[in-house]
Amino acid sequence: LISISVNGKLLISILAGTKISKFEEFFGSRTHVVRVMPNVAALIGMGVAGLSSGKYATPADEQIAQALLSSVGEVVKVRENLLDAVTAVSGSGPAYFFYLTELLEAQARRFGLAKNQAAALARETLTGSAALLQKYPAAPAAWRARVTSRGGTTAAALEVLQKKKFAKIFQQALTAARLRSKELSKAL
């Protein structure tokens, strides 16, 4: 293995599952490492990233990383052992959102809506709902309750999701993503 010394330099990592100690070992124990997990929404300045600093990173290093990430979204500082959870929730999270959009569009098409209509309805419903959470930050459960009339259409759909154990399936999916992040750290 080749060892490259970057002692005293700041290294910001976005690699899922790669622990700070691996960088310190490879680049030298005095390397200032800040490990982050951003997400794809950074492309439009609306990302969110988890951030954890290594033992040699200084407050100035952390400020640099936070300033860099803040320029493309929000930053949440966490302990490094929680970055696998950040990866599962927000690093991979946009894919879940996109998948739900795909499913809504596909079902709208099956119901007979034209492709452009299905896309507009699915995408604008999801982006509008996300905007509501941003502008009026009530708990998502409170928003869900506001939309759900007893015995109504939303209640019928939610009943199917609950009967099919959607929450449990989704928890299992996120757990699989988190475990994969942990596996990646052991593979290196």
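Look up a bit, the structure's there.
What you see is a predicted model; the values in this text were computed from it and never measured.

Some remarks on helix 1 (residues 20-27)
Here comes step 1: Every buried residue belonging to helix 1 is among Ile20, Phe23, Glu24 and Phe27, and all of these are buried. In an axial view of helix 1, the angular spread of the buried residues amounts to 100°, which keeps them on one side of the axis.
Here comes step 2: Packed against the buried residues of helix 1 are strand 1 (10-13), strand 2 (32-37) and strand 3 (47-53).
Here comes step 3: One or two positions beyond helix 1, positive phi appears at Gly28, with a value near 115°.

A word on the sheet that holds strand 2
Here comes step 1: Across the sheet, which stays open at both edges, the 4 strands sit in the order 1-2-3-4 with mixed pairing between neighbours. Two strands lie at the open edges of the sheet, namely strand 1 and strand 4 (73-77), each paired on one side alone. Taken pair by pair, the neighbouring strands of this sheet meet at an average axis angle of 25°, ignoring direction.
Here comes step 2: Helix 1 rests against strand 1, strand 2 and strand 3 of the sheet, and its axis sits at about 145° to strand 2.
Here comes step 3: Along the sheet face, helix 2 (residues 59-70) touches strand 1, strand 2, strand 3 and strand 4 and points at about 145° away from the line of strand 4.

Let's talk about the pairing of strand 3
Here comes step 1: Of all 7 residues in strand 3, 5 are buried; the element is thus mostly enclosed.
Here comes step 2: Handedness of the crossover joining strand 3 and strand 4 through helix 2: right-handed.

Cut-offs and rules
Residues numbered from 1 in each chain as written. Predicted model: local features only at pLDDT ≥ 70, side-chain atom pairs only at ≥ 80, totals over all residues. Heavy atoms only, no water. Buried < 20%, exposed > 50% of the residue type's maximum accessible area, 1.4 Å probe, protein only. Helix = DSSP H or I, 4+ residues; strand = E, 2+ residues; numbered from the N terminus. Arc of directions from axis to C-beta. Contact = heavy atoms within 4.5 Å. Pairing = 2+ DSSP bridges. Axes fitted to C-alpha atoms, helices over the stretch in contact; angles between N-to-C directions. Right-handed = clockwise from strand over helix to strand, strands pointing away.

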